[in-house]
Each structure stands twice: as C-alpha cells, then as structure tokens.
Amino acid sequence: MDKIVVHGGHRLSGSVKISGSKNSALPILAATLLTSEPCTISRVPDLSDIHYMLTILSELGCEVERASGVVKIRAEKILSQAPYDIVRKMRASVCVLGPLLGRQGEATVSLPGGCVIGDRPIDLHLRGFEALGAAVRVTGGDVKVLAPKLRGATISLRSKFGSTVLGTDNVMMAAVLADGVTIIDGAAEEPEVVDLANFLIAMGAKIEGAGTRKIIIEGVKELHGAEHEVIPDRIEAGTFLAAAAIAGDHVRLLRVNPLHLKAVIDPLVDAGFLIEANGNEISIRPGVKRRPLKLDTLPYPAFPTDMQAQMCALLATTEGISVVTENVFPHRFMHVAELKRMGADIDLQGATLVIKGVPQLSGAPVMASDLRASAALVLAGLQADGVTEVNRVYHIDRGYESIDEKLNGLGAQIERMKA
Ligand code: UD1
C-alpha cells in the first residue's frame, strides 16, 4: 500500500491547475443511466472513486470509453442491480438508485456500510423515492426500490443536519422521468447539485430552482444524449488554498470558480491572508499577521465540512485560540489525534475543537481513514519540522488527482513510496 512522504519546510509558489469536481462528476456519470443515447462528459478527474463509478456503470451494462478526462457512456441496455463488490467500496454508489429507478422502474443496491465519518444513513433518499410512489425494501444488506411508474410529489429532504446532497441528486434523477410535477423542499444548494441539474436539462429534463432550497421538476417521457463539462472542484481548490496558507509565498489557482469558494476565501482573509480572485483564477499570499478563526461547518453556501480538516491543519500553527464546530458530520475528527501526534494542541469538546496554535508541528508517521483528514495531514507535513509519512494513501487518491505531483509543482518535496 502506498504512502506519501512529506519533507517539511519547503515554501510553495507558482500556479496549479484545479481538476474537475469529484462530487459533481459522480452523480453526473450516474445520470447517464437515464438515456439509451450516448453521453460525453468532459473534465472528469482521474480518481479511484470515479474508477469505481465507471466500473459500476460497466457492470450495469453501459459501454464506457475513457480518454484523458473525457468519458463517453452509452447505457443502451442496462441491468437494475448494482454489484455488491464495487458498491461497498464507495458510499456515493448509492446515487445510481435514482436514475435506475427512473429508467427501469426498479433498482437494487447494497446499503452503504462501513463509512468512517460517522453514521451516514440514506433514509432521506428512500423517503423521497417513497413519496414518488416507490416501494422500498431492505433485505440481505440490499436496498430495493420498485415503482413501475413514478408520480410527481412534494418532498421535504430537510434533516437535522441540513439537507442531503446525494439525496437531492437521487430524488431529482428519479423525478425527471416521473409523471407530473415534483417539488423538492429543503433541497441541497451545493454547486454540484446545480451542475447535475444542468446536465439533466441538457438531456431534455425540465428543472427549475437548482441551487435554491426549492427545486421544481416537471417529468418528461424520455431523455436524450448530451455533452457536459464538469465544474471545477471547489474542495480541491480550497485544499490548495489551505496548503498555500500553511506553507506558501504566492500561489495561483487556475481553472477555478471563485464564486463557489466564498465560504473558504472569507475566513482565509479573516485569518490574515491576501487573496485576489480574477475570472477563473485565485491568488493567495501571506499578510502581515495571521489570526485565529471561529469556524462552523454547515451546508452550502456556508463553510463546508469537506474543508474542516484542512483548515484545522492551518489553525494548528496559527497563534491564538481557534474554535471549529462540525455541524454536518458531528464525528468527523479522524485528523485530530494524528495532528496531536505531530504536536498540535487541540481539545475536542463534543463536536467542537478548541485549537491553540503552536509555532510549528513536527513530522511523524500518521494515517487517517478519511479522504479530507488524510489531505489535512499532508498539508500539516508541508510546514512540519522533518519528515511526515502519511499512510493509507488510497484515501487521498479517492478524491485528489495527483496531489503529490501538484504540490511538488509548487515547490513541495513529496515522495510516494510503497509501504
Ligand atoms: C456529500 C459529499 C460529501 C460531503 C457531504 C456534505 C458527494 C459524493 N459527497 O455527501 O463530500 O461531505 O455531501 O457536504 O457529493 N443525512 C441523513 N439522511 C440521509 C442523508 C443524509 O440524515 O438520508 C445526513 C448525513 O448523515 C449528514 C447530513 O445529512 O449528517 C449531510 O449528508 P449528505 O449531504 O447526504 O452527504 P452526502 O450527500 O453523502
């Protein structure tokens, strides 16, 4: 199993190209199941999660061709049951349920299990399918949804932690082929939901309100093939902003959408960094003095849970006391014990971290069993004294395209080694 070895103390500068969004690409690839015609999706990042999704689509019967970021898919004749062996590797596989139900009238997928960022139920997805007229059965570890014909309905997807992103995607994908009008109340407002809606609209779907709390979908008889370019990955971009804040002199991010990153840029400015956004570029430089922060994760447009760990790595060496509260996944703190092993002073109180900045971290062998937590450890290693070995690197490869090469391009010294 590979590990990433970070030699700390090398300053970052220069520019880095941001990849297409993983969290957009996954449901968009699943949405190609909704038509028998060919679809072409570009700017698809080269990640293991994407590989799993393409394998699931192939196993379901799709013809899949992939060449340098462009994926061509034709779902001419498909099955309704996703294979367990692949589904279990990635929770986002659950987003094939909606399109399969919409197109085939039935779908079976293994219940997502073994997720390390706490209990991640899919009750809201299932509630949405039931409201559309589907029967839901859970047997033998599988969830089966069945509805020879879906009917439009008004559905609330609000949970005590905010809305659900993949749940909104799933219900939207099922509803595009339902009879009549579906209204999703309490919809997730994330840019990735808007990107999926734009692809569905390009396929002939009738959708209004994506990006707001209320999405209105008028069912159509069938969808056709379409082409679509995936939006830039705002979490990868945010991670590079955090890396630059931790160890950078002047770093430019290229091919980003600054509007999607306001909730990350604003706190970095509050923390003392000089940030300029211009068209599809963002540059970041250190200011005169760094300041601690108070951060609360919440659904978009607020500060994202997917950036919590990386910002903790920054705040661990920011003088003063920072307070970070995780409201979306209240158990998402896999990075904390590992950052403490590197010398961070962090106290976990319920779902709140109290971080007392120390001047410098020290390199150590670390590992984390979560994608963003692992990235945070790489970032911490950039500034740490000595060598940081981040083990179980497959978590990083799930969601970051060549993070080691991109950071090395900015001046970091990172090696990838067989453990
Ligand atoms: C997506 C993102 C993930 C991000 C998360 C929150 C993808 C592939 N993944 O995950 O990177 O961290 O949004 O921004 O896009 N919940 C329920 N019942 C449900 C569904 C969710 O209670 O049926 C709860 C969850 O436990 C969590 C909250 O709602 O507390 C938000 O989860 P959700 O938005 O569904 O996350 P995902 O869509 O799985």
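Given the structure is predicted, the values throughout are model-derived calculations rather than measurements. All residue numbers refer to position in the chain's written sequence, counted from 1. Side-chain atom pairs in this predicted model are given and counted only at pLDDT of 80 or more, local residue features only at pLDDT of at least 70, and totals for whole chains, interfaces and linings cover all residues. Only hydrogens and water are removed before side-chain values are computed, so all heavy atoms of the structure are retained for them.

1. Comments concerning the domain arrangement of the protein
Source of the domain bounds: an automatic or database domain assignment. For the protein, the domain assignment lists domain 1 (2-18 + 232-418) and domain 2 (22-229). On a C-alpha basis, the centres of domain 1 and domain 2 stand 30 Å from each other. Whether two residues are in contact is decided by their heavy atoms, any of which lying within 4.5 Å being enough. Of the residues lining the interface, 27 residues belong to domain 1; the matching set on domain 2 comes to 21 residues. As a working definition, buried area equals the accessible area (1.4 Å probe) given up by two parts on being put together, with both sides summed. Approximately 1,900 Å² of surface area, both sides summed, lies buried where domain 1 meets domain 2, with 51% of it carried by carbon and sulfur atoms. A side-chain nitrogen of Lys or Arg and a carboxyl oxygen of Asp or Glu constitute a salt bridge if their distance falls within 4 Å. In this assembly, domain 1 and domain 2 are joined by three salt bridges. Measuring nitrogen to oxygen at the nearest pair gives 4.0 Å for the salt bridge that ties Glu229 to Arg255. As used in this structure description, the phrase polar contact means that two N or O atoms lie within 3.5 Å; if the pair is within protein, one of them must be able to donate a hydrogen and the other to accept it, and residues adjacent in sequence are counted only when both atoms belong to side chains. Counting across the interface, domain 1 meets domain 2 through nine residue pairs in polar contact (both at pLDDT 80 or more). Looking at the side of domain 1 that touches domain 2, the elements with two or more residues in it are α12 (371-383) and α13 (394-399). Every helix listed is a DSSP run of H or I at least four residues long, and every strand listed is a run of E at least two residues long, numbered separately from the N terminus.

2. Some points on the site of the ligand
Throughout this document, a residue counts as near a molecule or strand when at least one of its heavy atoms sits within 4 Å of that molecule or strand. As a matter of local geometry, the ligand sits amid 21 residues, with Arg91, Asp123, Thr164, Asp306 and Val328 nearest to it. Arg91 places a side-chain nitrogen or oxygen 2.6 Å from an oxygen atom of the ligand. Here the ligand has 730 Å² of accessible area as a free molecule, and 91% of this is covered by the chains. Looking at the shell around the ligand, the elements that each hand over two or more residues are α5 (123-131) and α6 (165-175). When residues of the shell around the ligand are assigned to their parent elements, the largest contribution, three residues, is made by α5. The two domains that each donate at least three residues to the shell around the ligand are domain 1 (2-18 + 232-418) and domain 2 (22-229). Surface accessibility follows the Shrake-Rupley procedure with a 1.4 Å probe radius. Residue values consider only the protein chains on display as shielding.

3. Some remarks on helix α2 (residues 48-59)
Helix span, as expected, comes to 1.5 Å for every residue beyond the first. With 12 residues, α2 extends 16 Å between its outermost C-alpha atoms, agreeing within 8% with the 16 Å of an ideal straight helix rising 1.5 Å per residue. When α2 is considered as a whole, its buried residues turn out to be Asp49, Ile50, Met53, Leu54, Ile56 and Leu57. Buried residues of α2, seen end-on, are gathered within an arc of 155 degrees and therefore sit on one face of the element. Looking at the packing, one finds that the buried side of α2 touches α1 (22-31), β4 (63-67), β5 (70-74), α3 (84-87) and α13. Once α2 ends, the next one or two residues include Gly61, with phi positive near 115 degrees. Exposure is judged per residue with a 1.4 Å probe applied to protein chains only, and the accessible area is read against the type maximum: over 50% gives exposed, under 20% gives buried, and values in between give partly exposed. The directions considered for the arc are those from the helix axis to the C-beta atoms.

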